[in-house]
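Summary of the model geometry
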Amino acid sequence: MPTPPAPIRSLTLGELNEDADLVGILCDIDDTLTHHGRLVPAAFAALAEAQARGLRVVPVTGRPYGWADQIARMWPVDGVVAENGGLWCWMGDRKLELGFVQDSATRQHNRTRLDALAATILDAVPGCALASDQAFRALDLAVDFCEDVPPLPRSAIDAIVAQFDAAGATCKVSSIHVNGWFGEFDKLAGFRRFHADRWGGEPDLSRWLYFGDSANDAPMFAAFPRSVGVANVSDFLDRMDAWPTHITVAPGGEGFAEAMDLLFEQLFEQLDG
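This section reports on the structure supplied with the text. (Residues numbered from 1 in each chain as written. Predicted model: local features only at pLDDT ≥ 70, side-chain atom pairs only at ≥ 80, totals over all residues. Heavy atoms only, no water.)

Now for the overall build of the chain. Along the chain, the regular secondary structure elements total 7 helices and 15 strands. Computed over C-alpha atoms, the radius of gyration of the chain comes to 18 Å, within 12% of the 19 Å expected from 2.2 N^0.38 for 273 residues, which places it in the range of a compact globule. By residue count, 55% of the 273 residues in the chain fall in the buried class. Counting contacts in the chain only where the partners sit at least 6 residues apart, residues at least 24 apart contribute 58% of the total. (Helix = DSSP H or I, 4+ residues; strand = E, 2+ residues; numbered from the N terminus. Rg over C-alpha atoms; globule rule 2.2 N^0.38 Å. Buried < 20%, exposed > 50% of the residue type's maximum accessible area, 1.4 Å probe, protein only. Contact = heavy atoms within 4.5 Å.)

As a further point, take empty space enclosed by the protein. Any space left empty among the atoms is revealed by the rolling of a water-sized probe across them. Taken as a whole and assessed by the stated rule, the structure comprises 1 cavity of 30 Å³ or more. Estimated volume of the largest cavity: approximately 80 Å³. Along the wall of the largest cavity there are 14 residues; nearest its centre are Asp30, Gly62, Ser174, Ile176 and Asn216. (1 Å grid on protein atoms, 1.4 Å probe; cavity = no way out; pocket = protein on both sides within 12 Å on 5 of 7 lines; lining within 4 Å. Points joined across faces, edges and corners; volume = space filled by probe spheres on them.)

The phi torsion at His36 lies on the positive side, around 50 degrees, for a residue other than glycine. Unlike most non-glycine residues, Arg94 shows phi in positive territory, near 60 degrees. Relative to the elements of secondary structure, Arg94 occurs in the loop between strand S7 (87-91) and strand S8 (96-100).

Evaluation of the coordinates by the stated rule reveals 15 salt bridges. Note that Arg63 is salt-bridged to Glu147, the shortest N-O span being 2.6 Å. Note that Arg63 is positioned in the loop between strand S5 (56-59) and helix H2 (65-74) and Glu147 in the loop between strand S10 (141-144) and helix H4 (154-166), a separation of 84 residues in sequence. Arg63 sits in the buried class, given a relative accessible area of 3%. With relative accessibility at 29%, the residue Glu147 sits in the partly exposed group. With a closest N to O distance of 3.9 Å, Lys95 and Glu97 form a salt bridge. On the basis of relative accessibility, which here comes to 29%, the residue Glu97 falls in the partly exposed class. Within this structure, Asp30, Arg63, Asp133, Arg137, Asp140 and Glu147 form a network of salt bridges that share partners. (Salt bridge = Lys/Arg side-chain N within 4 Å of Asp/Glu carboxyl O.)

Here the focus is H4. In this model H4 runs 18 Å from its N-terminal to its C-terminal C-alpha over 13 residues, within 8% of the 18 Å that 1.5 Å per residue would give. In this structure, the buried side of H4 is in contact with helix H3 (104-124), S10, strand S11 (170-173) and strand S12 (177-181). Just beyond H4, the residue with positive phi is Gly168, at close to 80 degrees. (Expected span 1.5 Å × (residues − 1).)

Taken together, the 3 strands give an open sheet; going across it, the order is S6-S7-S8, and neighbouring strands pair in antiparallel fashion. Each end of this open sheet is capped by a strand with a single partner; those strands are strand S6 (80-82) and S8. Across the sheet, the mean angle from the axis of one strand to that of its neighbour is 20 degrees, orientation sign disregarded. When S6 meets S7, the two strands line up antiparallel, connected through 3 bridges. From the neighbouring strand, Ala82 faces S7, where its bridge partner is Leu87. Packed onto the sheet, H2 meets S6, S7 and S8 and runs at close to 25 degrees relative to S7. (Pairing = 2+ DSSP bridges. Axes fitted to C-alpha atoms, helices over the stretch in contact; angles between N-to-C directions.)

Moving on, we get to the pairing of S7. In summary, the side chains of a regular strand alternate between the two faces of the sheet. In terms of burial, S7 is largely enclosed, as 4 of its 5 residues are buried. Linking S6 back to S7 in an antiparallel pair, the connection comprises 4 residues, with Glu83 at a positive phi of about 50 degrees. The pairing of S7 with S8 spans 5 bridges and is classified as antiparallel. If you follow Cys89 over to S8, its bridge partner there is Leu98. What sits between the antiparallel neighbours S7 and S8 is a turn of 4 residues, in which Arg94 has the positive phi angle 60 degrees.

With that settled, the discussion passes to the packing of aromatic side chains. Tallied over the full model, the rule gives 11 aromatic pairs. A ring pair is formed by Trp90 and Phe194, whose centres lie 5.9 Å apart and whose planes are at 75 degrees; its orientation type is edge-to-face. A residue pair is termed long-range when its members are at least 10 positions apart, and Trp90 in strand S7 and Phe194 in helix H5 (residues 187-198) qualify at 104 residues. Here Phe191 and Phe224 contribute two aromatic rings whose centre-to-centre distance is 6.3 Å and whose plane-to-plane angle is 40 degrees, an arrangement assigned as tilted. Residue Phe191 is located in helix H5, and its partner Phe224 is located in the loop between helix H6 (218-223) and strand S14 (227-229); the two are separated by 33 residues in the primary sequence. (Phe/Tyr/Trp six-rings, centres within 6.5 Å; stacked < 30°, edge-to-face > 60°.)

The following block contains the structure:
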């Protein structure tokens, strides 16, 4: 069993790396920046403050290409990794820069396969539905089990996962959807590719802090020396083989704001020192 997360109050900048030189913030969106389906104002303000302090800010999400385009253009962020690492984008010189892990022909071929799989899943698991943002997706299939449908039991989520597995697809469970795709990528691989395109080279993960809330964040929790789960991550720990190193008291975006306030206090202390 992984080591249980420590209380967020025990996290210090000095733990991130020996120089206490934090470079950036990575975060999931749904139920990490949001709560009950709405973006928490204090969480959004924390993104803006982090960027104003010179930190790089990059949401890493299961949400679709269409959302990533809007977020990269409109939010106080330095880029977005979307569809669980399948694509990434950022605003360049008055132009959106975009990268995909698969070429256009591969994406089109896989879309045909995913459309057929969607029909199978919807027939096999009563009560689930295609995610309302499916039309804006480039690489994956998102099956809704609680966002716009009445919440389904754990057994139904497991049945959706089983259908993806039987088709030979990769899938991840978020707090609202089961996302599946054909090909090899995840949030961590997507961030590495984004970093290489955006800033060049490999990221030093000891100088980044990752925030998440659900099972599809496990690759990130495993890779980063320090990570934060907002309180509701507790609902998914039994589905994860890697846990965050720290956990907040508050859930969702309130928990993200709680942790960021703690970091900002420490940044002030460094500047005053």
